[in-house]
Structures are given as structure tokens and as C-alpha cells.
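The primary structure of each chain is shown beneath.
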Amino acid sequence: MIDRRTLLRALGAGASVSIAGGAIVGCTDRPTGADRNPDVVKLWGIWASDADVEAEVIEAFTAENPDITVEVSQVPSNGEGDASSVITAVRGRTGPDVYFMDRFNTSQFASLGLLEPIDGLIEEHEGMSPQEFMAGWVKFATDELFYDGQYYGLPMDTDTRGMYVNLDLADEAGIDRALLDPENGPLSYDQMWEIHDEVSVQDSRGSYEQVTWIPWDDQASLLMWAIANGVPLYDNDECRMLLDEQPMLDVATMYADWIDRLSFPRLDAFKATYQPPNAPPTQTSFFSDRQLFQITGPWGVQGQADYKPDMNYTVTHLPVPNEGDDPFTWAGGFALTMPKGASMSEAAWRFMTFYAGYQGQKILATGISRIPTNLETLADPEGWNDDIRFFAELLGVAQSRPPLPVGTKLWDAMMTMQESLNQGSDTPENLVKEAQDYVDPTMQQFCPFRLPEGFGEPDPNLHLPG
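Residues numbered from 1 in each chain as written. Predicted model: local features only at pLDDT ≥ 70, side-chain atom pairs only at ≥ 80, totals over all residues. Heavy atoms only, no water.

An unreviewed UniProt entry lists the protein under the name Extracellular solute-binding protein, with Brachybacterium massiliense given as the organism. Quoted verbatim from the Sequence similarities (unreviewed entry) field of the UniProt record, the comment on the protein reads "Belongs to the bacterial solute-binding protein 1 family." (UniProt positions renumbered as here; feature names shortened; annotations may be inferred.)

A.B. asks: How should the layout of surface pockets be read in this particular structure?
C.D. replies: Here the idea is plain: a probe the size of a water molecule rolls over the atoms and shows the empty space left. Space inside the largest pocket adds up to approximately 470 Å³. At three residues, the largest contribution of residues to the lining of the largest pocket is made by helix α7 (residues 139-143). Of the residues belonging to the lining of the largest pocket, the class tally is 14 nonpolar, six polar and five charged. (1 Å grid on protein atoms, 1.4 Å probe; cavity = no way out; pocket = protein on both sides within 12 Å on 5 of 7 lines; lining within 4 Å. Points joined across faces, edges and corners; volume = space filled by probe spheres on them. Helix = DSSP H or I, 4+ residues; strand = E, 2+ residues; numbered from the N terminus. Nonpolar A, V, L, I, M, F, W, Y, C, P; charged D, E, K, R; others polar.)

A.B. asks: I keep staring at the pattern of salt bridges and nothing clicks. Help me out?
C.D. replies: Side chains that differ in charge, positive against negative, can pair when their charged atoms come close. This model, assessed by the stated rule, comprises 18 salt bridges. Between lysine 139 and aspartate 143 there is a salt bridge, with its nearest N and O atoms 2.7 Å apart. Taken together, the residues span about one helical turn, with lysine 139 and aspartate 143 both in helix α7 at a distance of four residues. Its relative accessible area of 25% is what places lysine 139 among the partly exposed residues. The closest approach of N and O atoms between arginine 177 and aspartate 171, which form a salt bridge, is 2.7 Å. For arginine 177, a relative accessible area of 39% corresponds to the partly exposed category. Each of the salt bridges in this network shares a partner with another, and the network as a whole consists of Asp157, Asp159, Arg161 and Arg370. (Salt bridge = Lys/Arg side-chain N within 4 Å of Asp/Glu carboxyl O. Buried < 20%, exposed > 50% of the residue type's maximum accessible area, 1.4 Å probe, protein only.)

A.B. asks: Whenever I open this one, the nonpolar core confuses me. Can you help?
C.D. replies: Grouped together as the largest cluster of nonpolar side chains are 83 residues, with contacts concentrated most on Trp225, Met248, Phe293 and Met417. Broken down by element, the residue count for this core peaks at nine residues, all from helix α12 (residues 246-262). Excluding residues within four positions of it along the chain, tryptophan 225 makes contact with Tyr189, Trp213, Pro215, Ala220, Val251, Met254, Tyr255, Trp258, Ile295 and Pro319. By size, the runner-up hydrophobic cluster in this structure holds 33 residues, among which are Val57, Ile58, Ile122 and Trp349. (Core = buried A, V, L, I, M, F, W, Y, C linked by side-chain atoms within 4.5 Å. Contact = heavy atoms within 4.5 Å.)

This is how it looks when you write it as C-alpha cells:
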């Protein structure tokens, strides 16, 4: 049952829902699992572009479990934290038994009463504590699935971010290859600016013809730079957001200085020239040899092979504030969850643990070049594609966004601040205060709240083959 208070929390957290005739449309009195065939598993699966790989997972599962039928629909979330499809399904009693969703949204969806905790299934079918069972996956990924003392899903893949380098452009500019070697550590911001002065080319009118880096392009963002600078976004002890504190203001001010130095309008025009909206994947400023650095994830390796196989490139660490700082990256990924109204059957659990476990993750990771979160798969030399090894090795320094029940509001606040800084429409001082005022009042509805124990700390259980 989704009560009014829960749904109002959903509205405060940014979910798209409807209230009609004074009644909450997301409400259902159907007992969990009623009317479900226990041997049929309804799956809202992976995005359509990779449905063929998911089909291989399902085929392997049904070969081992011929008594279970898996029915698949591609019904992903409509956006960052958009719970409308799940709310509608819960209301209409048409939801899936297993739901493939953005892991970052799990805490929020759980806080809205849209997901079932899986602790009872673990204890019943695995014969161990939830903590012991979940130790079989990468910790930051399980942390994102933990809310109010319970787990709400199993982690699937993950991704880290790195900086792709066009080595031919670097050689033309006379940049020492040793600076670009990840074995020598990350570049500092000062070094990035020195390279910018050597590589970037502007014509007599100031229009860019060649650029070094774009700090807001692709996977680069204000939130990423905040993570890079160790900005605390939430105070566990005081249960409040920290978006208007000095560390966030310092990063926002630094980012505003970058915007001023690079000129957002000119770089925006540059991107529109070499990578216009809706351009084919072969047409990017990086593939066109007009951009030295591109910050993105492991999927870029396959993109290079597909669309620019002759490019002479490497991948190195993301830039860091000071020379000699340790590398860092941030990671996201997806999970399997069980929405309210799911059967919670043994068949659904067997499928979920197969898909998110060793066998399923091995099929998925090798099929779409993603990094497994299942530790057994990660330790298997054949469990994932070795061409993304650099990104897998970054797991040891990876951080994830804090799994807060206001995750969408936090994301929206950071993106709004970034866009305002890009456009120069307000000051960093005002923007951090606006961000705090936007997110923290909603967060207060969930207090007391604590992030999972050890969140943000290195995972001692990570072991890569070779």
C-alpha cells in the first residue's frame, strides 16, 4: 500500500505521479504476490539496444530451470529517478517480479514504498544473513541498494570513468607521452591548463578550431569535480545536506572560473559544429581529431573499435586537484529489484540470483563490455572483456553517488547549478544556497538517516585476475 505521506515524499523527491479525484492513484490493496503464477517470472529488462545479450542470460537460465518461464518487457525508468512507470504498475497490479533499474535510484524508490526488501528471501533460500550474502558483490554497489537497514536488490554491472587521449594530437603538440601514461598517475588541473595552452586553437574571432578538454562534456560534470575534490554532500551525524558549505562553494567557484577561462558559448558553438545534436555516433569532436581529451566510461572502448578503429589513443586517469594526488573515479550501474506486488516467489529469486550472479553477469559483461559487480565474475579472467581492464582496475578507487532517498533532487540540484554556471546566470554563492534549499527540506523528512557503514571507503574484497 502506498499511503499519501509516502506519495507526497515521492513528489518532493522528484517522481512523476498523479493524484486524481482526491485519491492516490498509486494505491493498491492487492496482497504481495497474489494472483501470480509462481513458475512465471515477469521481467522488466535491460534497454532495448542490448536485449539480445539479456536474451542469452534468459536462455542460459531456462536451460538450467526448464520449469520456470521468464516473460520479458523493456520498460526502463523514464529518467533519473522517475518513478512514474513503477507507481502506475503498482497501482494497476501489472508490475514485474524483477525490475532492471538504475542502482542510484534504489534508495529513493525504497523510501517511497515502491520496492520489496530482499532480506527475507536471502535468509529463506540462501541460508545465511543478508550481510554475508551481499558480501559477494562490490561493496559500493551493494551500498546503493541498502536503505533503512534492509537490502532492496542485487547489483548488476558497473562502470568507471577515465580520460581518453588522442595520441596523434598529443604528439603534434609535443606533449611528453610520460604525462599521459596512467602508470605515472593523474594529471593535475595545472597540468591540464598547461596542455590547454599548447593544444587549443582559436581563430581570429576567438572561435575554437581545436580544444583540449571540456569540463562539462559527456561524463564530466560539476558533480564529478565535487567528488574529485572530496566534497562531503551529506552529514551522517546531523542528517543534513552540505551543498551550501565551503567545500562545495570552492568547487562551484573553481568551475565558474573554468567556464570564464574557456568561454562556454564558444565551446558550445564548437560542439555544435563538430558534433551537432542527433549526429551519428561516428561524428564527434573527439573522433574528428578536434579534441585531445574525452572523459567517458568503458563503453567508449567499444565505440572506438566500432566508429574510429584507426585512432591512435590511450586512456588515462581523470584529472586531480594537485600533482601527486591519488587517482579517483566515480561509478554507477544497474541492479535487479522487486517492485511492490512482485510474486517474491522462489522462481523469481532463482532467476534474480542467476542473472545478477556469476553466470548471468559473465554473459552480460562479455556481451556489452561492462564491469561485473559479482566478485566471482570479476575474479574470472573470462568473466569480462580484458580490453576494458583499465576501467576495471579503477574499481579500487571508485566512488559512487551517496545513496540518499533524495537522490534525484541532489542530481537535479547539481545539474541546475552546472547549467547556471555554464550560462553565467548567477553567482556560485547564490547557487549553492539555492541547491541546499531545494534538497535539504525534503531530506529532513527522512531523518534520522545514515549512509551504509563504510560508505566511500575502499573495498578490501576486490580482486582482479592477472
